[in-house]
Structure formats: structure tokens, C-alpha cells
Amino acid sequence: MSVTLMVADTVWSNIESTGSVTEEQLSILHMLFGKNLEKATRIVDKRGVKKISGLPSGRSIFQVVGESQKREEYLCFPGDYCGCYSFFYDVVSRGEQQCCKHQLAARLASSLGTYSEIEVSDEHLAMILSKI
């Protein structure tokens with residue numbers, strides 16, 4: 001794990017423990033993630049993050065709305081994967097970013113508890129995941 005992600009994990013844990021984010025924490029995250037954090041905060045402010053949970057297993061994935069006029073929704077595991085172009089181009093292919101704005105939005109919303117929750121059957125969740 002990179003130093004950037006270790007520092008970020010510490011900040012995320014602190015946010016989760018209090019359920020709120022301070023200016024100092026936002027400043028640290030902005031230093032680590034730059035413009036992607038700004039975009040992620042806009043997505044969270046607009047309530048653009050949903051957590052889809054399967055029942056009875058409790059497994060889940062996030063669905064995050066993009067900022068384009070199309071308002072596309074991307075399936076996302078905050079620490080590991082996003083279905084957006086930026087994830088594949090900037091994170092995986094070029095290695096220029098640690099994560100995309102959708103992953104950051106999902107992580108921020110998860111830490112703050114500011115996401116919409118959708119409960120589906122495990123079978124339905126499996127069907128959603130099979131499209132990734």
C-alpha cells in the first residue's frame with residue numbers, strides 16, 4: 001500500500017469515528033487527491049451516492065452518479081474498482097491517480113453515512129455484479 005493511501009486511510013478512519021469531516025481533514029485529502037476530491041465532494045453534496053446491499057448476505061457495492069450532463073451511474077468498490085473511464089485510464093493504465101472521483105465520493109459518503117441505501121436480494125445483487 002502506498003504512503004498516500006495509508007495517510008488517506010487514517011483520515012477516513014477519523015472521519016468515520018466522528019461522523020463528520022473537519023477543514024483540516026479535507027485539506028489533507030485535497031493535498032492527496034487534488035481536483036478529484038473537489039469533484040467527489042460535489043457528488044456527495046448532491047446526494048449522488050447509493051449503497052446497494054444484498055440480503056441476507058450484507059454484501060454491497062456503491063453506485064455513484066457522474067457529473068456529466070448524461071448523469072451516468074458507475075458501480076464502484078471504493079478501494080478497488082470503478083466502472084468509469086477515468087479509473088481505467090488515469091488509475092490503472094497510466095497510474096497517475098490513486099483513485100477516481102467516484103471512488104472518493106463513495107468513500108466519503110460511506111465515512112459520513114450520507115448515501116442512499118438500496119436493499120436487494122443477493123440474487124439481484126449478483127445480477128448487477130455480473131454486468132461489471
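Residues numbered from 1 in each chain as written. Predicted model: local features only at pLDDT ≥ 70, side-chain atom pairs only at ≥ 80, totals over all residues. Heavy atoms only, no water.

The protein chain goes by SWIM-type domain-containing protein in an unreviewed UniProt entry, where it is assigned to Eruca vesicaria subsp. sativa.

1. A look at the nonpolar core
Of all hydrophobic cores here, the largest spans 27 residues; its most connected members are Leu29, Val49 and Val64. Every element with two or more residues in this core is listed here: α1 (3-18), α2 (23-33), α3 (35-45), β2 (60-65), β3 (73-77), β4 (81-82), α4 (85-93) and α5 (101-112). Setting aside residues no more than four positions away along its own chain, Val49 makes contact with Ile43, Val44, Phe62, Gln63, Val64, Ala105, Ala106, Ala109, Tyr115 and Ser116. (Core = buried A, V, L, I, M, F, W, Y, C linked by side-chain atoms within 4.5 Å. Buried < 20%, exposed > 50% of the residue type's maximum accessible area, 1.4 Å probe, protein only. Helix = DSSP H or I, 4+ residues; strand = E, 2+ residues; numbered from the N terminus. Contact = heavy atoms within 4.5 Å.)

2. Concerning the pattern of salt bridges
Pairs may arise between side chains of opposite charge once their charged atoms sit close together. Within this structure, the stated rule accounts for 6 salt bridges. Here Arg107 makes a salt bridge to Glu16, at a shortest N to O gap of 3.9 Å. Residue Arg107 is located in helix α5, and its partner Glu16 is located in helix α1; the two are separated by 91 residues in the primary sequence. Its relative accessible area of 41% is what places Glu16 among the partly exposed residues. Of the charged contacts, one joins Lys50 and Glu73 as a salt bridge, the two residues approaching to 3.1 Å between their closest N and O atoms. Pair noted here: Lys50 is in strand β1 (residues 49-55) and Glu73 is in strand β3, with a separation of 23 residues, a long-range link. (Salt bridge = Lys/Arg side-chain N within 4 Å of Asp/Glu carboxyl O.)

3. Topic: α5
With 12 residues, α5 should reach 16 Å at 1.5 Å per residue; the first-to-last C-alpha distance of 16 Å fits that figure. With 9 of its 12 residues buried, α5 lies for the most part within the structure. All of the buried residues in α5 are Lys101, His102, Gln103, Leu104, Ala105, Ala106, Leu108, Ala109 and Ser111. Among the residues trailing α5, Gly113 stands out with phi positive, at a value near 70°. (Expected span 1.5 Å × (residues − 1).)

4. Description of the packing of aromatic side chains
Pairs of aromatic rings are described using the distance from one ring centre to the other and the angle between the two planes. Within the structure shown, the criterion is met by 5 aromatic pairs. Centroid distance Tyr81 to Phe87: 5.8 Å. Interplanar angle 65°. Geometry classified as edge-to-face. With centroids separated by 6.0 Å and ring planes inclined at 75°, the aromatic side chains of Tyr81 and Phe88 adopt a geometry described as edge-to-face. Counting every residue linked through ring pairs, the aromatic cluster contains Tyr81, Phe87 and Phe88. (Phe/Tyr/Trp six-rings, centres within 6.5 Å; stacked < 30°, edge-to-face > 60°.)

5. Notes on the sheet that holds β4
Here 5 strands make up an open sheet; going across it, the order is β4-β3-β2-β1-β5 and the pairing mixed. Among the strands making up the open sheet, the edge pair consists of β4 and β5 (116-121). Sitting on the sheet, α5 touches β1, β2, β3 and β4, and the angle it makes with β2 is about 115°. Seen against the sheet, helix α6 (residues 122-129) touches β1, β2, β3 and β5 and runs at an angle of roughly 105° to β5. (Pairing = 2+ DSSP bridges. Axes fitted to C-alpha atoms, helices over the stretch in contact; angles between N-to-C directions.)

6. What to know about the packing of α2 against α3
The geometry of α2 relative to α3 is characterised by a closest axis approach of 6 Å and an angle of 125° between their N-to-C directions. Classed by the angle they form, the pair α2 and α3 counts as oblique. Along the contact surface, α2 presents Leu26, Leu29, His30 and Phe33, while α3 presents Lys35, Asn36, Leu37, Glu38 and Thr41. Its residues assigned to classes, the contact of α2 with α3 shows 4 nonpolar, 3 polar and 2 charged. (Parallel < 35°, antiparallel > 145°, perpendicular 65-115°, else oblique. Nonpolar A, V, L, I, M, F, W, Y, C, P; charged D, E, K, R; others polar.)

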